[in-house]
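Below, each chain spelled out in residue letters.
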Amino acid sequence: MKKAAIFPLFLLLCLSLTACGGKDSISGEVVAVRQDPAALILETSDDRRIAVLVEEDTYIFGMDEIDGESYKAAPHTGVSVRFFPTGRRTSLTAADGEKLKAYHPDRYISIDAYLVENDAALSDGTVLDVWKSHLWGTRYQLHYQLQDGTDLLREDAPSGPENCYAGNLESFDDLSETAKAAVRQYYEEQGALYDLQAELEKAWAAYQADPETFSAQWVRQDTSPAGSNARIMYFSTTVILPLGGNIVENRSTCAAFDRETGAYIPLADLFACPEADIAGTLLTLAAENGSGPDDPALIREMQAAFRLEYADISAYGMRITFPQGSLPSQEHAYVVSVDLEDLSGVLHPWAIPDAPNA
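Undergrad: Break down the sheet that holds strand β18 (residues 334-339) for me, with residues and values.
TA: Ordered in space as β16-β17-β18, the 3 strands form an open sheet in which the pairing is antiparallel. The strands lining the two open edges of the sheet, one partner per strand, are β16 (311-314) and β18. Taking the axes of each pair of neighbouring strands and ignoring which way they run, one obtains an average angle of 20° across the sheet. In terms of strand pairing, β16 meets strand β17 (residues 317-322) through 4 bridges, oriented antiparallel. Paired with Ser314 across the bridge in β17 is Gly317. Lying over the sheet, helix α4 (residues 278-288) contacts β17 and β18, oriented at roughly 85° with respect to β18.

Undergrad: Can you explain the environment of Arg251? Please cite residues and give values.
TA: With respect to the helices and strands, the residue Arg251 is situated in strand β14 (residues 247-258). C-alpha separation for the pair Arg251 and Thr238, spaced 13 residues apart in sequence, amounts to 5.5 Å. Aside from chain neighbours lying at most four places away, what touches Arg251 is Thr237, Thr238, Val239, Leu241 and Pro323. In terms of polar contacts, Arg251 uses its side chain to reach the side chain of Glu249, at 3.4 Å.

Undergrad: Before we move on, could you go through the pattern of salt bridges and cite the residues and values that matter?
TA: Oppositely charged side chains are able to pair whenever their charged atoms sit close together. According to the stated counting rule, one finds 14 salt bridges in the structure shown. Among the salt bridges present, the one from Arg82 reaches Asp112, with a minimum N-O distance of 2.9 Å. Note that Arg82 is positioned in strand β6 (residues 79-93) and Asp112 in strand β7 (residues 99-121), a separation of 30 residues in sequence. In this structure, the salt-bridge partner of Asp156 is Arg154, at a minimum N-O distance of 3.9 Å. Assessed through its relative accessible area of 1%, Asp156 is described here as buried.

Undergrad: Please give an account of the environment of Pro211 that cites residues and values.
TA: Looking at the secondary structure, you find Pro211 in the loop between α3 (196-209) and β12 (217-228). Residue Pro211 is classed as partly exposed on the basis of its relative accessible area, which comes to 39%. Between the C-alpha atom of Pro211 and that of Tyr187, which follows or precedes it by 24 residues, the distance is 37 Å.

Undergrad: I'd like a description of helix α5 (residues 296-305), backed by residues and values.
TA: Along α5, the residues classified as buried are Leu298, Met302 and Ala305. The arc that holds the buried residues of α5, viewed along the axis, is 70°, so those residues lie on one side. Facing away from the buried side of α5 by over 90 degrees, the exposed positions are Arg300 and Ala304. Its side-chain oxygen placed 3.0 Å from the backbone nitrogen of Ala297, Asp295 serves as the N-cap of α5.

Undergrad: Got a sec to walk through helix α2 (residues 177-190)? Specific residues and values, please.
TA: Relative to the 20 Å expected for 14 residues at 1.5 Å per residue, α2 spans 20 Å between its end C-alpha atoms, a close match to the ideal helical length. Within the sequence span of α2, burial applies to Ala179, Lys180, Val183 and Tyr187. What you see down the axis of α2 is that its buried residues fit within an arc of 100°, all on one side. Residues of α2 that are exposed and angled more than 90 degrees away from the buried face: Glu177, Thr178, Glu188 and Glu189.

Undergrad: A description of the pairing of strand β4 (residues 49-53) should follow, citing residues and the corresponding values.
TA: Along any regular strand, the residues point their side chains to alternate faces of the sheet. A large share of β4 lies buried, amounting to 4 of its 5 residues. Two elements, strand β3 (residues 38-43) and β4, share 5 bridges in a ladder whose sense is antiparallel. By the bridge assignment for β4, Leu40 is matched with Val52. Hairpin remark: β3 followed by β4, antiparallel, with 5 residues in the connecting loop; positive phi at Asp47, about 65°. Taken together, the 2 bridges between β4 and β7 define a ladder with parallel strand orientation. Pairing of Val52 across the sheet is with Tyr103, part of β7.

Undergrad: Describe the packing of aromatic side chains, naming the residues involved and giving the relevant values.
TA: Within this structure, the stated rule accounts for 13 aromatic pairs. Ring geometry for Trp204 against Tyr207: centres 5.8 Å apart, planes inclined by 15°, an arrangement best described as stacked. Remark: Tyr207 and Trp204 occur in helix α3; sequence separation between them is 3 residues, near one turn of the helix. Exposure class is identical for Trp204 and Tyr207. Each is buried. Ring pairs connect the aromatic residues Tyr186, Tyr187, Phe235, Phe257 and Tyr264, which therefore count as one cluster. Over the aromatic face of Tyr140 sits the side chain of Lys132, whose NZ or CZ is 4.2 Å from the ring centroid.

Undergrad: So what about the packing of α4 against α5? Which residues, and what values?
TA: For the pair α4 and α5, the least separation of the axes is 9 Å and the interaxial angle reads 140°. Put simply, α4 runs oblique to α5. Remark: the crossing between α4 and α5 carries right-handed chirality. Together, Ala279, Gly280 and Leu283 of α4 and Ile299, Met302 and Gln303 of α5 make up the contact between the two elements. Along the lines of polarity and charge, the residues of the contact of α4 with α5 split into 4 nonpolar, 2 polar and no charged.

Calculation notes
Residues numbered from 1 in each chain as written. Predicted model: local features only at pLDDT ≥ 70, side-chain atom pairs only at ≥ 80, totals over all residues. Heavy atoms only, no water. Pairing = 2+ DSSP bridges. Helix = DSSP H or I, 4+ residues; strand = E, 2+ residues; numbered from the N terminus. Axes fitted to C-alpha atoms, helices over the stretch in contact; angles between N-to-C directions. Contact = heavy atoms within 4.5 Å. Polar contact = N/O pair within 3.5 Å; in protein donor to acceptor, adjacent residues only side chain to side chain. Salt bridge = Lys/Arg side-chain N within 4 Å of Asp/Glu carboxyl O. Buried < 20%, exposed > 50% of the residue type's maximum accessible area, 1.4 Å probe, protein only. Arc of directions from axis to C-beta. Expected span 1.5 Å × (residues − 1). Phe/Tyr/Trp six-rings, centres within 6.5 Å; stacked < 30°, edge-to-face > 60°. Lys NZ or Arg CZ within 6 Å of the ring centre and 35° of its normal. Parallel < 35°, antiparallel > 145°, perpendicular 65-115°, else oblique. Left-handed = near helix turned anticlockwise from the far one by under 90°. Nonpolar A, V, L, I, M, F, W, Y, C, P; charged D, E, K, R; others polar.

As structure tokens, then:
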């Protein structure tokens, strides 16, 4: 008996912004501003202090409501910036007398993150600051931290399917324009599949229990292409949630859409068998391929606990994940799978995704 099936992993190629030129960028939080010469004093991730000169021809890329030109005219702390240095370097003396390396930026400085003070609160009244940074597309990362700078939780905010591609599968780009609009609206309305406030409270409790060994928790939600055929497109949403320490739980669920209209197709409509028979049929197939249990008591638990949203359909088959806590006899999540070729007769023919392209 296998505790969990080995399931093919998608190679996710997520959109990212990169800079050219072969030089490594330098980034850091602006901790002070210098007027003469105009410069930003940065603290880098390795706790070094450096300066980047803001020259007359330096362009500053803003972020969200922080306008670059306005920031250049009145720079302030509470932002993080990135730049590519030229070969020239000088030095300047900070207000506290420390002599710092001062870099000339290669044409521009970009604001990568900014601080929103007092942006969240815990149930006991503890106030949190939030650093917001831009990842790619419409994707943001938020760092929730105590006011002494301690990170409690990092949230990679929910990402829609337009931001991710999966190896050799069709993607959001292959939908009609009408379907793109409908699918985008579906995921905007769906939003986060986790309770952010609950995750913040859990992280705060873990920090209070052991501040010395605590490391920031991580929450992430991604939606990526999962499979398609001539009629439908599948997307899979994966949520990563912390379970404590460095242990996380992955939860995945799929959604099917008409690829021309973008109309959502309820999961129950994809199955050829009656809804009451779905769990038993899938568990029988999983047992036959060796990924499911052969313990009758555990099988009965799974049939009782089964929910359609546990089924994740893709071009590689179907994975059924029973989350931690859903099976009384199991300490951890339990995963079984059904191979793509075994889905004939389980799903309607029009609902079976094509095998991945070579």
